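Examination of the molecular architecture
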Amino acid sequence: MLMTGSATKDDRYATYEDVCEIALPQKTKTYEPVPNQKMIDTVKQAALASLNLPMLDEKYILSGKDQVMIGMLRFVTEVEDMPLTVLLRNSYNKKASAAIASGPSAQACSNLQIFSGDICHIRKHTRNVWIDFLKYVNQVMGSSKRRYDERIVTMNEWKAASVSKNRGYELLGLAAGYKLLKPTMFTEAMRHWEEPPEAFQNDRNMWGWYNACTWAIGQKAPADKILTMSSDISDFTARRLDPRFATFPENRGVIDIPEAK
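Criteria and thresholds
- Residues numbered from 1 in each chain as written.
- Predicted model: local features only at pLDDT ≥ 70, side-chain atom pairs only at ≥ 80, totals over all residues.
- Heavy atoms only, no water.
- Core = buried A, V, L, I, M, F, W, Y, C linked by side-chain atoms within 4.5 Å.
- Buried < 20%, exposed > 50% of the residue type's maximum accessible area, 1.4 Å probe, protein only.
- Helix = DSSP H or I, 4+ residues; strand = E, 2+ residues; numbered from the N terminus.
- Contact = heavy atoms within 4.5 Å.
- Phe/Tyr/Trp six-rings, centres within 6.5 Å; stacked < 30°, edge-to-face > 60°.
- Lys NZ or Arg CZ within 6 Å of the ring centre and 35° of its normal.
- Salt bridge = Lys/Arg side-chain N within 4 Å of Asp/Glu carboxyl O.
- Expected span 1.5 Å × (residues − 1).
- Polar contact = N/O pair within 3.5 Å; in protein donor to acceptor, adjacent residues only side chain to side chain.

1. Examining the nonpolar core
One finds Val86, Ile100, Phe133 and Trp209 to be the most contacted residues of the largest nonpolar core, which totals 58 residues. Tallying contributions element by element places helix α3 (residues 129-159) first for this core, with 11 residues. Residue contacts for Val86: discarding those within four places in its chain leaves Val43, Gly71, Met72, Leu73, Phe75, Ile100, Ala101, Ser102 and Met141. Judged by nonpolar contacts, the second largest core, of eight residues, contains Ile61, Met72, Leu87 and Ala101.

2. A word on the packing of aromatic side chains
This structure, assessed with the given rule, holds five aromatic pairs. On the numbers, 6.5 Å between centres and 50 degrees between planes, the contact of Tyr16 with Tyr60 is tilted. Here Tyr16, found in helix α1 (residues 16-21), pairs with Tyr60, found in strand β2 (residues 55-63); they are 44 residues apart in sequence, far enough to count as distant. Judged by its relative accessible area of 4%, Tyr60 falls in the buried class. An aromatic cluster is defined as three or more aromatic residues linked by ring pairs; in this entry it consists of Trp158, Trp207 and Tyr210. The ring of Tyr31 has Lys94 sitting right over it, with the charged end atom 4.9 Å from the ring centre. When the ring centre of Trp193 is taken as reference, the NZ or CZ atom of Arg204 above it lies at 4.4 Å.

3. Considering the pattern of salt bridges
Under the criterion given, the structure shown has 11 salt bridges. Residue Asp66 is joined to Arg12 by a salt bridge in which the shortest nitrogen-to-oxygen separation is 3.0 Å. Remark: Arg12 occurs in strand β1 (residues 12-14) and Asp66 occurs in the loop between β2 and β3 (68-75); sequence separation between them is 54 residues. We classify Arg12 as partly exposed; its relative accessible area is 35%. For Arg167, the salt bridge identified is with Glu170, shortest N-O distance 3.0 Å. One end of the pair, Arg167, and the other, Glu170, are both in helix α4 (residues 165-177), three residues apart, so they sit about a helical turn from each other.

4. A few points about the environment of Leu53
Position of Leu53 among the secondary structure elements: in the loop between α2 (36-51) and β2. Separated by 23 residues in the primary sequence, Leu53 and Val76 place their C-alpha atoms 6.1 Å from one another. Ignoring sequence-local partners within four residues, the contact set of Leu53 consists of Leu48, Phe75, Val76, Thr77 and Leu84.

5. Quick notes on α2
Look at α2: 22 Å from first C-alpha to last across 16 residues, which is about the 22 Å you get at 1.5 Å a residue. Asn52 sits one or two positions beyond α2 and adopts a positive phi of about 55 degrees.

6. Brief notes about helix α6 (residues 206-220)
Its 15 residues place the ends of α6 21 Å apart at the C-alpha level, agreeing with the 21 Å of an ideal helix rising 1.5 Å per residue. Of all 15 residues in α6, 14 are buried; the element is thus mostly enclosed. Between a side-chain oxygen at the N-terminus of α6 and the backbone nitrogen of Trp207 the separation is 3.2 Å; the capping residue is Asn205.

7. Observations concerning unusual backbone geometry
Here the phi dihedral of Asp81 falls at roughly 65 degrees; this positive angle occurs in a residue that is not glycine. Locating Asp81 in the fold gives a position in the loop between β3 and β4 (84-91). A relative accessible area of 44% means that Asp81 is categorised as partly exposed. A positive phi is found at Lys94, a non-glycine position, where the angle reads about 70 degrees. Lys94 sits in the exposed class, given a relative accessible area of 58%.

In short, geometric facts, not functional conclusions.
Below, the structure is given as structure tokens:
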């Protein structure tokens, strides 16, 4: 169960060798491509040196006729089953900027938890893109562990906020209404919320609801949209959905109904 296992027709799983073999487009006066291998190797070396954490694994997806690359580098931390993950995005078709982000991910499902504020930098492929990207890599690595620890605190707070099955339906409807979940994502999130996979069966809480959304985004969003959509849903969860009222719909003027079977 891969968060980055997007089910869109043009996406495919890839190996490190696959993404490195994609032909690099020609540089122009206004466009400066960054080789996939150069980006991956640079970030991997910086992460290993800065984080001082063992690497768990690396995963890649190619999209847009292999012109968009998503990379996911995961590192073992002291929190069991919650690796620190560095997410990369690169493109050869001018449709997706170079990007780097970091956050925790659920090891069982690889659901990447990219919170608002965790997309540290996005840079268009224009002149001096590589010079700027190197600066961004250093900034991301310098703050990754601190931000990871902050996200773990948030995760525990969301786990402590119970969400009934019916309340979860309401929240999914809100997310769809705000266009944070497309129709196919909404359907996938509903399926995940109704019958959670084993790793989330005990999470009838804000954390479980959030993971239903990130799972749906990962399954149905185009690879080049996963980064920003994951951030948007976390921001929505944190800012618009107050966990203190998650189990008290009457406080919001909503009549509660018996739990769905």
